[in-house]
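Survey of secondary and tertiary structure
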Amino acid sequence: MASKNFYIMLADPPWAGPTPKIISGPDIQVNDGVLLNNVQQDYSILLSVDKKAKDASEFPPCDIHAPSRALLFSQRFIGLLTGLGVDNVQYFNADVVYEPTGQKLPYKVANVVGIVNGLDLDQSEVVMSSRGNVLAIKEMCLDEDKLQGQKIFRLREDIMLIVVHKSIKEAVEQAALTGFMFVADDEYEPGMI
């Protein structure tokens, strides 16, 4: 079997969180893969730990969170991406507070800009519309030839899925960043996000 060069990147915090809640922010969609202009309002986000947790300190903030279908990246993760030459992520200011301590944390709301047709439709099992659009992916096979030169992007066939090059996966693991799950295309299951 050929080695995988691309992975789906998901936010995967522990069971008790912290869970982000957007208190306020601009009226924008940061999950469409397109560049946004003239955004002036900052986000206000609260990271809270589930009340069932006996000790909130056992659930520190992660390096990635996904509030309300947005993405929240830590400064550590942003620095890692910048160091890898990633230049297609747009960042928006966020006032992020970790509720258990009241500490303000250095995060940004991230907009991954770029949409790529990346599925090998002959090898994937998909539900297609009468117009030829992918409605659902049951089994996924990425066409890595179509993805050459990409480091991070949204998958056109399911815009909510973010795909990253293995260099990002490996750098995240080496830096021991938290809150991530990387899934190979053949490990994908519907409803993972």
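Above this note sits the structure.
The structure presented is a predicted model; accordingly, all values stated were derived computationally and were not measured.

Counting its regular elements, the protein contains two helices and 14 strands. Here the C-alpha atoms of the protein give a radius of gyration of 17 Å, agreeing with the 16 Å that 2.2 N^0.38 yields for 193 residues. For the C-alpha atoms alone, the extent of the protein along its principal axes is close to 50 × 40 × 35 Å. Counting 17 positive and 26 negative side-chain charges, the protein places the averaged centre of each group 5 Å from the other.

Here we come to the sheet that holds strand 13 (residues 158-165). With mixed pairing, five strands are arranged side by side in an open sheet as 9-12-13-1-14. Two strands lie at the open edges of the sheet, namely strand 9 (115-116) and strand 14 (180-183), each paired on one side alone. As judged from the two bridges shared by strand 9 and strand 12 (residues 152-155), these two strands associate in the parallel manner. Bridge pairing links Ile115 to Arg154 in strand 12.

Ranked by internal contacts, the top residues of the largest apolar core, which has 23 residues, are Met9, Phe73, Phe77 and Ile152. Counting only elements with at least two residues in this core, the list comes to strand 1 (6-11), helix 1 (75-83), strand 8 (107-112), strand 13, helix 2 (166-174) and strand 14. Core analysis: the next-biggest nonpolar cluster, separate from the first, contains 18 residues, Leu72, Val96, Tyr107 and Val109 among them.

Before going further, it helps to examine unusual backbone geometry. Looking along the chain, the bond that leaves Gly17 and enters Pro18 is cis, with omega of 15 degrees. Along the chain, Pro18 falls in the loop between strand 1 and strand 2 (19-24). Even without being glycine, Asn38 reaches a positive phi, approximately 60 degrees. Mapping Asn38 onto the fold places it in the loop between strand 2 and strand 3 (43-48). Exposure remark for Asn38: the relative accessible area of 72% places this residue in the exposed category. The backbone of Ala176 shows a phi angle near 55 degrees, a positive value even though the residue is not glycine. By the element assignment, Ala176 lies in the loop between helix 2 and strand 14.

What follows covers the side chain of Glu144. One can find Glu144 in the loop between strand 11 (134-139) and strand 12. Buried and unpaired, Glu144 has no salt bridge, with Lys4 as the nearest side chain of opposite charge at 5.8 Å. Apart from the residues lying within four places of it in its own chain, the contact partners of Glu144 are Ser3, Lys4, Asn5 and Phe6.

Here we come to helix 2. Those residues of helix 2 that sit buried are Ile168, Lys169, Ala171 and Val172. Down the axis of helix 2, the buried set is contained in an arc of 165 degrees. They therefore lie on one face. Elements that come into contact with the buried residues of helix 2 comprise strand 1, helix 1, strand 12, strand 13 and strand 14. Count one or two residues on from helix 2 and you reach Ala176, which has phi positive near 55 degrees.

Bringing the environment of Lys21 into the picture now. Inspection of the secondary structure assignment puts Lys21 in strand 2. The exposure class of Lys21 is exposed, given its relative accessible area of 54%. Separated by 100 residues in the primary sequence, Lys21 and Leu121 have C-alpha atoms spaced 37 Å apart.

Basis of the calculations
Residues numbered from 1 in each chain as written. Predicted model: local features only at pLDDT ≥ 70, side-chain atom pairs only at ≥ 80, totals over all residues. Heavy atoms only, no water. Helix = DSSP H or I, 4+ residues; strand = E, 2+ residues; numbered from the N terminus. Rg over C-alpha atoms; globule rule 2.2 N^0.38 Å. Lys, Arg positive; Asp, Glu negative; His and termini not counted. Charge placed at Lys NZ, Arg CZ, Asp CG, Glu CD. Pairing = 2+ DSSP bridges. Core = buried A, V, L, I, M, F, W, Y, C linked by side-chain atoms within 4.5 Å. Buried < 20%, exposed > 50% of the residue type's maximum accessible area, 1.4 Å probe, protein only. Salt bridge = Lys/Arg side-chain N within 4 Å of Asp/Glu carboxyl O. Contact = heavy atoms within 4.5 Å. Arc of directions from axis to C-beta.

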